[in-house]
Amino acid sequence: MLRFTDEHEWLAREGDVATVGITTHAAEQLGDLVFIELPKVGARLVKGEAAAVVESVKAASDVYAPVSGEVTEVNDAAVADPSSVGSDPQGAGWLYRIRLDDPSALDDLMDEAAYAAFPK
C-alpha cells in the first residue's frame, strides 16, 4: 500500500513501520542529486517538520516527515550514491524507515489514484 503527500513524498507501510522516499515527480523536478542528508536512527520525527535534505545541481530541498514516529533505519546506500534516489526514487532510492506513532495517520494521505490526479 503506497501513500503520498502533497509535498511529493511516498510511504509504503509494513506493519507499524513505513518506508519513506521522494516520488518520481520530485526526483525529476530536482534533477541530478549530489547530496543527501538523512535523519539519525532513533530520531523522533514530527509530521510536517523537515526530516531530510536532498540537494541537486539545481537546488536543495527539504523532505518533510509525512507522519510522526521514530526512525528505525536509513538508506546508507542512498547517502553514498545520491544518484540512486534519482534513478529509482520509489524503489532502491528510499530514504528512511519510521515506526509509526499512529498507523491511522496514513489514512490522511493520498492513495495512488488520488496522487495521480493531484496537480503537479
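All figures in this text were calculated on a predicted structure; none of them were measured in a lab.

1. Some details on the UniProt feature "domain: Lipoyl-binding" (unreviewed entry) in the protein
In the numbering used here, UniProt assigns the "domain: Lipoyl-binding" (unreviewed entry) feature to residues 17-99. Secondary structure within residues 17-99 divides into 20% helix and 42% strand; the distance between the first and last C-alpha atoms comes to 4 Å.

2. A closer look at the packing of aromatic side chains
Scanning the model with the defined rule gives two aromatic pairs in all. Residues Tyr 115 and Phe 118 carry aromatic rings whose centres are separated by 6.3 Å and whose planes lie at 15° to one another, so their mutual orientation is stacked. Using a relative accessible area of 7% as the deciding quantity, one classes Tyr 115 as buried. On the basis of relative accessibility, which here comes to 24%, the residue Phe 118 falls in the partly exposed class. Here the basic side chain of Arg 97 rests over the ring of Trp 94, its NZ or CZ set 4.0 Å away from the ring centre.

3. Quick word on the sheet that holds strand 2 (residues 9-14)
Read across the open sheet, the six strands follow the order 1-2-3-9-8-5; overall the sheet is antiparallel. Taken across any chain shown, the strands that pair with only one partner, and hence form the sheet edges, are strand 1 (2-4) and strand 5 (44-45). Pairing between strand 1 and strand 2: three bridges, direction antiparallel. Bridge assignment links Leu 2 to a residue of strand 2, and that residue is Ala 12.

4. Description of the pairing of strand 2
Linkage of strand 1 to strand 2, two consecutive antiparallel strands, is achieved through a turn of four residues, within which His 8 is found at a positive phi near 70°. Sheet topology note: the strand 2/strand 3 (residues 17-22) ladder contains six bridges and is antiparallel. Bridge assignment links Ala 12 to a residue of strand 3, and that residue is Thr 19. What sits between strand 2 and strand 3 in their antiparallel hairpin is a turn of two residues, with Gly 15 showing a positive phi close to 70°.

5. Observations regarding the nonpolar core
Core analysis: the largest hydrophobic core is formed by 28 residues, its most contacted members being Ile 22, Val 67, Leu 95, Tyr 96 and Ile 98. Aside from chain neighbours lying at most four places away, what touches Val 67 is Leu 11, Leu 45, Val 46, Lys 47, Ile 98, Leu 100, Ala 105, Leu 106 and Leu 109. Counting residues in each nonpolar core, the second largest holds six residues, with Phe 4, Trp 94, Met 110 and Tyr 115 among its members.

6. Some remarks on the UniProt feature "modified residue: N6-lipoyllysine" (unreviewed entry) in the protein
UniProt's entry tags Lys 58 with the feature "modified residue: N6-lipoyllysine" (unreviewed entry), counted in the numbering of this structure. Note on placement: Lys 58 falls in the loop between strand 6 (50-56) and strand 7 (60-64). When sequence neighbours within four positions are dropped, the list of residues in contact with Lys 58 reads Glu 28, Gln 29 and Leu 30. For Lys 58, the side chain forms a polar contact with the main-chain oxygen of Gln 29, separated by 3.5 Å.

About the cut-offs
- Residues numbered from 1 in each chain as written.
- Predicted model: local features only at pLDDT ≥ 70, side-chain atom pairs only at ≥ 80, totals over all residues.
- Heavy atoms only, no water.
- UniProt positions renumbered as here; feature names shortened; annotations may be inferred.
- Helix = DSSP H or I, 4+ residues; strand = E, 2+ residues; numbered from the N terminus.
- Phe/Tyr/Trp six-rings, centres within 6.5 Å; stacked < 30°, edge-to-face > 60°.
- Buried < 20%, exposed > 50% of the residue type's maximum accessible area, 1.4 Å probe, protein only.
- Lys NZ or Arg CZ within 6 Å of the ring centre and 35° of its normal.
- Pairing = 2+ DSSP bridges.
- Core = buried A, V, L, I, M, F, W, Y, C linked by side-chain atoms within 4.5 Å.
- Contact = heavy atoms within 4.5 Å.
- Polar contact = N/O pair within 3.5 Å; in protein donor to acceptor, adjacent residues only side chain to side chain.

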